[in-house]
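Coordinates in review
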Amino acid sequence: MGEAANNMLGHTFGKVVNVFIALQLVATISGYLWVGSRLTQAFAKENKLWKSLSVSNKKRIPVRAIFIHAVIASLIILTGSFKEIFVYTSFILQLFASLAISTAYFIRKDQRKIFKSNLFYVFPTVFLLFSVYILYFTLLHNPKESIIGLGIVALGVVLYWIDRKLTENKI
């Protein structure tokens, strides 16, 4: 975006755009840290493997969850370039958006609240067609980053499975 602003409107305007992009990124990271740590804390209360992350301090701030988020973010920043991180996180987000939208095919007609027509399936189908194309294109042109993203998802699945096994043994 900053490059485009540089090329179209000059170096000064490009710097202004870069400042706004940086501010937006800081605001986004702050929001993710604020919300993400609380989601982690709530999740940790129900899962044995992560129980230690459910602790709050006296002011009900999930300090351990914030700390682990900061450590993970630091590791991510230290292990890849901006492009690599952007591509594999985008790939993962696109994959999960596709999985979320695909659940529309499992909603029965009598359960739909707003759109009861059979045309209901047009919108998720169009989204999924574009999404599959984006995932395919990303995998084809950025296989390393796509595989890193899939590896992160696979690690999450393995950790979830371990947690389920620990929870079953507890009961």
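Located above this text is the structure these notes cover.
Notes on the structure in this doc start here.

Right, let's talk about the pattern of salt bridges for a bit. Across all of its chains, the model carries two salt bridges by this definition. Note that Lys144 and Glu84 form a salt bridge whose closest N and O atoms lie 2.6 Å from each other. With Lys144 in helix 6 (residues 143–170) and Glu84 in helix 4 (residues 82–102), this pair connects stretches of sequence that are 60 residues apart. Lys144 sits in the partly exposed class, given a relative accessible area of 48%. A salt bridge links Asp163 to Arg164; the shortest N-O distance between them is 3.1 Å. Since its relative accessible area comes to 27%, Arg164 is described here as partly exposed.

Attention shifts here to helix 4. Every α-helical turn comprises 3.6 residues, leaving residues that sit three or four positions apart pointing alike. Counted at 1.5 Å a residue, the expected span for helix 4 with its 21 residues is 30 Å, and the 30 Å between its end C-alpha atoms agrees. Taken together, the buried positions of helix 4 are Glu84, Ile85, Val87, Tyr88, Phe91, Ile92, Gln94 and Ser98.

Moving on, we come to the packing of helix 2 (residues 11–45) against helix 3 (residues 63–79). Running from N to C, helix 2 and helix 3 point in directions that differ by 120 degrees, and their axes come no closer than 8 Å. Relative to helix 3, the element helix 2 lies oblique. Crossing of helix 2 over helix 3 shows right-handed handedness. Across the interface between the two elements, Leu33, Gly36, Ser37, Thr40 and Gln41 of helix 2 pack against Ala65, Ile66 and His69 of helix 3. Partitioning the contact of helix 2 with helix 3 into residue classes produces three nonpolar, five polar and no charged.

Conventions we followed
Residues numbered from 1 in each chain as written. Predicted model: local features only at pLDDT ≥ 70, side-chain atom pairs only at ≥ 80, totals over all residues. Heavy atoms only, no water. Salt bridge = Lys/Arg side-chain N within 4 Å of Asp/Glu carboxyl O. Helix = DSSP H or I, 4+ residues; strand = E, 2+ residues; numbered from the N terminus. Buried < 20%, exposed > 50% of the residue type's maximum accessible area, 1.4 Å probe, protein only. Expected span 1.5 Å × (residues − 1). Axes fitted to C-alpha atoms, helices over the stretch in contact; angles between N-to-C directions. Parallel < 35°, antiparallel > 145°, perpendicular 65-115°, else oblique. Left-handed = near helix turned anticlockwise from the far one by under 90°. Contact = heavy atoms within 4.5 Å. Nonpolar A, V, L, I, M, F, W, Y, C, P; charged D, E, K, R; others polar.

Any functional reading would require information beyond the geometric quantities listed.
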